[in-house]
Each structure stands twice: as structure tokens, then as C-alpha cells.
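Structural overview
The lines below spell out each chain.
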Amino acid sequence: MKRLFRHFRAGAVALALATWLPGAALASSTADHSKFESLKGPFTSAPEVTKACLACHTEASHQVMKSIHWTWDFTNPDTGKRLGKTRTMNSFCGSPLSNEPRCTSCHAGYGWTDARQPPEPVQQNVDCLVCHDRSGGYKKVATDAGHPLYEPRTMGGKTVMPPDLAKAAQSVGDPGRDNCGACHFNGGGGDAVKHGDLDSSLVKPSRKLDVHMAADGANMTCATCHTFNDHIPSGSRYDTAAKDPHGLDLPKDDHNRATCESCHGDTPHHEAKLNDHTDKVACQTCHIPEFARGGIATKTLWDWSTAGRKDADGKAIFIKDDHGHLSYSAEKGDFEYGENVRPTYHWHNGVTDQVNIGDKIDDSQILRLNTLHGDARDPDSRIWPFKEMRGKQPYDPVLKTLVVNHVYGRDDSAFWGNYDYAKSIKFGMEYAGLPWSGQIGFIETRMTWPITHMVAPKEDALKCGQCHTRGEDGRLAQLPGFYMPGRDSIAWLDILGYLALAGALGGVLLHGLARIVMNRKTRHD
Amino acid sequence: MIKRDVMIYTRYERFWHWSQAVLIFTLFFTGLGIHGTHSFLKFGQAVTIHTYAAYALMALWVFTTFWNFTTGQWRQYLFKKGIIKVIRFYAWGILVGEPHPYKKSLQRKQNALQSLAYMTFMVIIGPALWLTGIAYLFYNEWAGQSWAVDGLWFVAVAHTVAAFAMGTFVIIHIYMTTTGKTPLHYVKTMITGYDKVELSEVEEAYLAETKSVEMR
Ligand code: HEM
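Note that the coordinates shown come from a computational prediction; the quantities given were computed from them, not determined experimentally. (Residues numbered from 1 in each chain as written. Chains lettered and ligands numbered in written order. Predicted model: local features only at pLDDT ≥ 70, side-chain atom pairs only at ≥ 80, totals over all residues. Heavy atoms only, no water.)

This part covers the overall build of chain B. A count of helices and strands for chain B gives eight helices and two strands. Residues classed as buried in chain B amount to 43% of the 216 residues present. Total accessible area on chain B stands at roughly 12,200 Å², and carbon and sulfur atoms take up 70% of it. (Helix = DSSP H or I, 4+ residues; strand = E, 2+ residues; numbered from the N terminus. Buried < 20%, exposed > 50% of the residue type's maximum accessible area, 1.4 Å probe, protein only. Areas by Shrake-Rupley, 256 points an atom, 1.4 Å probe, with all protein chains shown as cover.)

This paragraph deals with the interface of chain B and chain A. In this assembly, 35 residues from chain B lie in contact with 36 residues from chain A. Buried area between chain B and chain A, summed over both chains or domains, comes out near 3,100 Å², and the portion from carbon and sulfur atoms is 64%. Inspection of the chain B/chain A interface yields one salt bridge. In this structure, B:D150 and A:R377 form a salt bridge, with 3.0 Å as the shortest nitrogen-oxygen distance. Sorting the residues of the side of chain B that touches chain A by element identifies α1 (11-35), α2 (43-71), α4 (112-137), α5 (139-142) and α6 (148-176) of chain B as the ones contributing at least two each. For the side of chain B that touches chain A, the residue count by class is 23 nonpolar, ten polar and two charged. (Contact = heavy atoms within 4.5 Å. Buried area = accessible area lost by both parts, 1.4 Å probe. Salt bridge = Lys/Arg side-chain N within 4 Å of Asp/Glu carboxyl O. Nonpolar A, V, L, I, M, F, W, Y, C, P; charged D, E, K, R; others polar.)

A separate point is the site of the ligand. The local shell around the ligand holds 25 residues, among which A:Y483, B:H35, B:H50, B:Y136 and B:H159 are the closest. In this structure, B:H35 approaches the ligand through a side-chain N or O atom, which is 2.4 Å from an oxygen atom. Between the ligand and the protein, one listed contact pairs a nitrogen atom with a side-chain N or O atom of B:H159 at 2.7 Å. Put simply, the parts of the chain that give the shell around the ligand at least two residues each are α1, α2, α4 and α6 of chain B. Broken down by class, the residue content of the shell around the ligand amounts to 18 nonpolar, six polar and one charged. (Near = heavy atom within 4 Å. Polar contact = N/O pair within 3.5 Å; in protein donor to acceptor, adjacent residues only side chain to side chain.)

Another aspect to go through is the state of the cysteines. Following the criterion strictly, the structure yields zero disulfides over all chains and no others. A:C103 supplies the cysteine sulfur nearest to A:C93, a cysteine that is in no disulfide, at a spacing of 6.4 Å. (Disulfide = S-S within 2.5 Å.)

Our focus in this paragraph is the pattern of salt bridges. All names here are of chain A. Inspection of the entire model under this criterion finds 24 salt bridges over all chains. With a shortest N-O distance of 3.6 Å, R470 and D494 are connected by a salt bridge. Of this pair, R470 sits in the loop between β17 (441-450) and α15 (491-524) while D494 is found in helix α15, placing the two residues 24 residues apart along the sequence. Since its relative accessible area comes to 7%, D494 is described here as buried. Residues joined by salt bridges that share partners form a network here, namely R368, E388, E444 and R446.

Here the focus is the nonpolar core. Considering soluble globular proteins, one finds that nonpolar side chains tend to be buried as a cluster. Core analysis: the largest hydrophobic core is formed by 35 residues, its most contacted members being A:I361, A:L367 and A:L402. Elements supplying a minimum of two residues to this core: β15 (382-396), α14 (421-432) and β17 of chain A. Considering every element that reaches this core, the biggest residue donor is α14(A), with four residues. With residues near it in sequence (within four places) discarded, A:I361 still touches A:V355, A:L367, A:Y395, A:K400, A:T401, A:L402 and A:I443. One finds B:L23, B:A54, B:F121 and B:L129 within the second-largest nonpolar core, a separate group that totals 17 residues. (Core = buried A, V, L, I, M, F, W, Y, C linked by side-chain atoms within 4.5 Å.)

As a further point, take the pairing of β15(A). All names here are of chain A. Most of β15 is tucked away, with twelve of its 15 residues classed as buried. For strand β7 (residues 298-303) and β15, the ladder comprises three bridges, and the chain directions are parallel. Considered in β15, the bridge of L301 is made with R390. Relative to β17, β15 runs antiparallel, the two being bridged by ten bridges. The partner of F386 across the bridge, within β17, is P450. Bridge count for β15 against strand β16 (residues 401-402) is two bridges, and the pairing is antiparallel. Looking at the pairing, Y395 lines up with L402 of β16. (Pairing = 2+ DSSP bridges.)

Parts of the prediction with low pLDDT should not have their coordinates interpreted in detail. On average, residues of chain B score 90 in pLDDT, and 99% of them are at 70 or above. Two summary scores accompany this predicted model of the complex, namely pTM at 0.90 and ipTM at 0.92. (pLDDT = per-residue confidence, 0-100.)

This part takes up the coordination of the iron atom of the ligand. Residues and elements named next belong to chain B. Protein ligation of the iron atom of the ligand involves H50 (NE2) and H159 (NE2), the donor distances falling in the range 2.0 Å. Around the iron atom of the ligand, the six donor atoms are arranged such that angles at the metal cover 85 to 179 degrees; this shape is classified as octahedral. Of this pair, H50 sits in helix α2 while H159 sits in helix α6, placing them 109 residues apart in sequence. We classify H159 as buried; its relative accessible area is 15%. (Donors = N, O, S within 2.8 Å, 3.2 Å for Na, K, Ca; no water. Tetrahedral: all angles 85-135°; square planar, octahedral: opposite > 155°, others 65-115°.)

A few words now on the confidence of the model for chain A. Residues and elements named next belong to chain A. For chain A, the mean per-residue pLDDT works out to 91, and 93% of the residues sit at or above 70. Confidence, expressed as mean pLDDT per element, reaches its minimum in chain A at helix α1 (residues 2-20) with 46 and its maximum at helix α12 (residues 283-287) with 98. Scored below 50 in pLDDT, residues 1-16 makes 15 contacts in the model with residues more than four places away or belonging to other chains. Note on residues 18-26: pLDDT is under 50 here. Beyond four places in sequence and across chains, it has twelve contacts.

Here it is, written out as C-alpha cells:
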């Protein structure tokens with residue numbers, strides 16, 4: 001009965017879903033921004049565009065200033081710890097501190113040049129266009145603290161033209177995949193570097209790569225799931241929803257569709273046995289069999305300890321591998337990459353401990369930059385897929401903290417250019433106002449990145465036997481703490497069992513043989 | 001005393017026996033597949049077949065239990081004296097051509113050892129399998145309990161142990177069917193239902209008159 005009801009619900013979801021999807025509904029805006037006088041320009045700076053937007057959208061900037069896109073500040077409700085880009089460490093770039101105009105190029109605002117302070121609450125410094133430009137021409141330049149180019153500039157030997165701000169202003173609409181991707185596909189300093197399940201292949205993905213966002217799939221955008229409420233996005237890596245007890249969002253909407261269950265519920269399969277898994281196994285575990293599937297490699301190792309090498313002529317060394325990826329960069333050290341990477345799997349209940357800059361660390365072992373909570377016995381935990389990032393990064397072996405590395409800047413301390421850790425870290429730590437012993441060591445780090453994008457079509461989902469197997473290569477071969485049919489058994493009991501079977505077989509064969517032999521004898525006698 | 005061909009296994013008994021045989025074979029084979037002993041089947045296929053066969057077997061057992069009680073056949077399984085003699089016969093007598101110490105009759109289709117074996121099957125191995133099997137099947141209904149992680153270990157391991165016992169039983173059982181007059185005699189009996197049974201004149205006359213049991 002319960003199962004029947006589930007089927008009914010699944011049907012209802014499909015119906016409801018059809019009315020949500022952007023392509024399916026006939027919603028068109030009642031305002032054509034290209035007809036507004038105030039957006040005709042000309043604009044000499046991007047904040048001027050914002051000012052024009054705010055003339056009508058009076059609350060927008062106030063809303064954005066409350067969002068993490070603006071504050072880069074987040075207090076983890078589970079642990080109470082204050083996190084955010086300027087505090088929390090990862091195994092990629094290090095800290096934005098002292099590197100601002102480069103790192104704050106992905107701030108949803110303009111001119112945040114000192115990340116030790118929160119961004120100044122200047123209304124027209126909110127960047128409307130980075131999310132809402134639909135002309136495709138607007139682009140924040142990598143080094144100008146969030147601004148686009150205003151003059152032509154020569155970069156990497158090429159002259160790059162500034163975007164047409166008026167055209168961008170008149171094009172505005174709901175954010176597309178390219179808008180979010182401008183920052184989120186480039187985390188870690190380049191396309192596909194950081195997440196593994198977010199890269200520019202998702203701008204126009206094939207159905208195989210992403211059923212939801214493919215044009216011939218559901219043609220969804222990021223915001224279809226990452227619902228925005230008053231400019232506040234839903235979905236968080238700091239505070240993940242490992243399980244969504246709220247389930248289906250219809251008929252009651254919690255305005256957060258950033259979980260699979262929001263649309264699919266927790267019994268989405270026709271087969272009851274598969275639905276039986278959803279309490280313990282995240283959807284992503286089976287439905288994202290591999291990440292970095294879009295043809296762009298993601299970084300799997302970043303070793304800062306080797307950075308700074310120069311050749312005999314004193315020129316910084318850069319080495320590319322057969323695929324054209326940097327395998328060594330004097331600026332950053334050694335890299336390894338992966339495409340079509342099989343995730344690693346962990347129990348996770350949504351609670352994660354992150355290491356902040358300044359936190360005391362234990363350097364007697366590999367440092368986990370984020371520690372996942374949860375295990376097989378925890379009812380809030382499910383098995384989740386992760387990208388495991390390996391790192392080696394500078395730290396203070398005396399005070400036992402990670403350090404701020406000043407990499408970017410036109411000064412004589414920035415690592416990119418001077419290749420001297422002693423100078424760049426001294427500068428970084430002084431800038432951040434953090435104590436530093438003067439010693440530099442390198443510590444091996446690990447970081448787990450939850451995999452949740454690049455959902456494959458159902459025919460590519462994992463098959464039962466990829467987990468339920470004795471094989472060493474079973475997907476969950478390493479996951480402890482619970483009994484899984486097909487993988488587990490008690491070895492000595494198995495041996496006894498096989499011995500009983502073999503003993504019975506041997507016994508009856510011998511007995512049969514004896515019967516044949518003895519019968520002949522008795523007959524002959 | 002007259003020997004007559006008498007229907008000792010009714011149509012239902014034969015149906016029950018052979019469908020049970022097929023189901024148990026299926027369950028043992030797919031069960032070992034699930035267990036990881038072999039990989040002739042994909043895991044998902046093995047689970048699906050195992051589940052359907054398990055439902056079928058349990059339904060069959062429900063009917064048969066009902067049948068056993070309504071027909072009074074359950075008495076066949078009661079403990080009989082003389083088991084030592086039967087064991088001695090199979091261990092030695094059969095090899096040297098001794099006659100079987102037990103005579104099949106209509107009221108006593110099974111010898112003492114058989115009754116004991118079938119009783120074990122019905123009250124220990126069978127229930128162990130279906131009890132743990134049902135718990136295994138409905139794992140999700142109790143997966144939320146605090147003891148569920150240990151519970152699953154126990155259920156799966158107990159089910160596996162019982163399955164090994166069942167396999168062992170089946171091997172010996174099949175071998176025992178070859179110990180009749182000819183190696184295939186018992187199998188034929190279970191197919192046709194008829195066996196030669198010694199009847200007293202009174203019995204014969206009664207059966208002929210009432211046709212309560214078919215005779216050839
Ligand atoms: C009587 C009814 C039975 C029921 C309800 C039942 C149910 C089940 C279930 C639910 C599983 C686990 C499948 C899964 O992973 O989802 C299983 C496994 C298994 N079954 Fe049965 N079963 C029954 C009878 C049998 C019989 C008669 C045999 C053997 C003769 C058998 C042998 C096995 C074996 C060896 C396993 C694998 C256990 C493991 O490795 O965890 N089962 N059974």
C-alpha cells in the first residue's frame with residue numbers, strides 16, 4: 001500500500017515538475033529592458049549601470065549585500081564556526097588576503113581591495129551584471145577587484161576589448177549557466193580546477209554529461225535548483241544537506257530546491273528495492289558515476305612545495321604534459337589532473353569541520369582540511385560521493401598553523417614573480433595580522449569535495465553489482481561499519497559452510513561408490 | 001499380504017514436492033550469487049529472482065502446512081522408533097545387501113530417519129530461512145532502529161548459515177533417493193505417485209470398495 005502510494009506520488013512530481021521548468025512554462029517578462037531610456041547609456045563604469053538598475057529595483061542591493069556572494073562570510077549552524085573565503089583554507093590557492101584584486105575578481109561587487117574588512121556597503125558597488133547579463137559580453141577582468149575592463153588592455157600578448165556596458169544593461173534577464181559559471185566553473189583559479197563537477201562544459205552540456213542542464217534534457221539552469229530567495233542562494237558546501245527530510249517541495253514549497261529530493265522525493269524509482277536505498281545512499285552516489293566527464297580535466301593534486309624552480313638562465317620553469325595541462329608551474333608547483341574520475345565515498349551527515357587560517361593543526365599526520373561527520377550508525381548520514389583533493393601546502397611548523405601566502409601583486413614580495421616563500425609568507429602573515437614563527441614547512445593535506453553536479457542519465461547510473469561485490473574494485477569496498485550483501489560475509493562461517501557442502505557431497509559419493517563395489521562383491525559371492 | 005501399486009503421493013503432494021525442489025534450487029543458486037560465491041548472474045537479477053522465488057516458496061509452504069493439517073498427513077512426520085536400525089542399515093546393511101528394516105505402508109510412508117530429517121527441515125532449517133529471509137526482505141522497515149546495523153549482520157549471517165544447512169540437506173536428500181530398489185525408483189515414485197505397498201486383505205478390500213486411495 002505504501003509502495004502504491006509512492007508510485008502515485010512519483011507521477012504527481014513529474015506533473016508538478018513540468019510546470020516549474022523554465023522552458024515548459026510560458027512565462028515572459030512584462031518588462032523589456034532594451035526599451036528603457038535609463039539603460040541606453042553610455043556608461044563609463046559598471047557601478048553606473050548598477051545605479052541605473054537600482055533606480056527601479058530599490059531593494060536589490062540591500063538583498064545582495066546580505067548574501068554570501070557579497071559577504072563571503074558564513075557561520076556554520078552545525079558547528080557555530082565562522083567560515084568564508086577569507087578565513088577558511090582549501091588545498092588550492094591559499095588565502096585571498098593580500099591577493100585581493102586577483103581573488104576578489106569573483107566578488108559579486110566592485111572594488112573590494114582589502115578583504116581584512118568586509119566589503120564597504122556602497123550600493124552601486126553591487127555587481128548586477130555578473131549574474132544578470134544575458135548579452136554574453138560582460139566579464140569581470142581577473143585582476144581588478146571585480147571590475148570589468150574599461151579600456152582595451154593587452155593580456156598574454158592579446159588586446160582585450162572592454163565589454164559594451166549599455167548592451168549588457170539592456171540584455172538583463174534570469175541568470176544562465178554561463179553567468180554562474182563565470183566564477184563557479186573557475187574555482188581554484190581556472191576552468192574545472194576545483195570542484196570536478198563544475199566546469200565550462202556545463203554551459204552547453206550534452207544529455208550524457210548533465211541530464212538536467214542539457215538542452216535536450218530538462219534545459220535547467222543553476223538557479224532552477226539553487227533557488228534564490230531575495231537574492232540569497234540556496235545550497236551550501238559549508239552546510240550541506242546530506243539528507244532532505246523535507247522531501248518533495250510540492251505542494252508545500254520550502255523555497256530551497258537545492259536537493260534532489262526537492263523535485264524527485266525520496267522514492268523516485270519504479271523499483272521498490274531501489275527506493276529502499278534512499279535512506280542510506282545519496283542520489284548522487286549512483287547517478288554521478290564519474291565526475292569531470294565534460295572533457296575538461298580537474299586538478300587532483302597540487303603540491304606547493306616544489307614551486308619556484310628556475311632553469312639555468314634564471315627563468316621560471318613551466319612544464320606541460322601530453323594533454324597540454326601544466327604539470328609543473330614555478331608559480332604553483334606540481335599538478336596532477338583527472339578526467340572521468342571515479343569519486344571516493346564516505347558516510348556524511350552534512351556536518352563538516354573546516355580548517356581556518358590561524359587554527360592550530362596537527363602536523364604529525366596528513367591534514368584533513370575538511371573533516372566529514374557521519375557514519376553507518378548515524379540515521380542522518382548517507383553515503384556520498386566526493387572528489388578527494390591531495391595537496392601539499394606551506395605551514396608554520398613552529399606555531400602549527402597554515403599560512404597566508406602573498407602570491408599576487410606588483411611588489412617585490414609576491415610569490416608570482418619573486419618565487420621566494422620567505423618573503424611572500426612574511427608579507428602575507430603581516431598583512432593578515434597573524435603570528436608567524438619565520439619557519440616554513442610543507443604539510444600534506446587532503447580535502448573532500450562533495451560531488452553533486454553532472455548528474456548522468458539513468459541508463460548510466462551505477463549498477464547494483466558495482467557496490468554489491470566481493471571485488472577489491474567495488475565502489476564501496478573501503479567503506480566500513482555496515483553489512484552489505486554481496487560484499488560482506490564472515491570468512492570462517494563461509495569456510496564451514498563450504499566444508500559442509502563439500503563434506504556432504506564427498507560423503508555421498510564415497511557411500512555410492514561403496515554401494516557399487518560391495519554390491520558387485522555380494523553378487524559375485 | 002498382497003503387494004499392490006498404490007497411489008502413495010497424491011497429486012498435491014507431488015506438485016508441492018517438485019515445485020519446492022525447483023524453488024529451493026533457484027533460491028540456493030541465486031542466494032549464493034547474492035552472497036558473492038559465484039557471479040553467473042548480475043547482482044540485481046539474482047536479488048529479483050531470489051525475491052520472487054522466496055515469495056513463491058513461502059506461499060507454497062503456507063498452503064502445504066494447511067494441507068498437512070487438514071489431511072492429517074502431518075502425522076507422517078512424527079518421531080518414530082527404530083531410528084538406530086535405519087542408521088545402521090544405511091551405514092552398513094545397504095552395502096552388504098541386507099533388507100531395509102522398515103516396510104513402507106500407507107500409514108507409514110517414511111522411515112524413522114526420514115521423518116526425523118524432514119522434521120528438522122520443517123521446524124528448523126525452513127523456519128530459520130523464512131524468518132531471517134522475511135527480516136532481510138523487510139530490512140527497510142526496521143533500518144531506522146538503533147540496532148539495525150547489528151541486526152542486519154545477524155540476519156544476513158543467520159540466513160547464510162541456514163542456507164548452507166539447506167544445501168547440505170538437499171545434497172544428502174538427493175543421494176538418498178538413489179537408495180531404492182533401483183537408483184531411480186524413488187524418483188519415479190515421486191513423479192507417478194505410485195509405489196508397491198504391501199496391503200492386508202482387509203485393507204485392499206477397503207481401498208477397492210471406497211476408492212479413497214487409487215490402486216493399479
Ligand atoms: C524462505 C524464504 C526466503 C526469503 C524471504 C529470502 C530472502 C532473502 C533476502 C531478502 C536476501 C537478501 C537479498 C538482498 O541482498 O536484497 C537473501 C539472501 C540470501 N538467501 Fe534467501 N530467502 C529465502 C529463502 C532462501 C533459501 C531457501 C535459500 C537457500 C537454500 C536462501 C539462500 C540465500 C543466500 C545464500 C543469501 C545471501 C546472503 C548474504 O550473503 O547476505 N534463501 N534471501
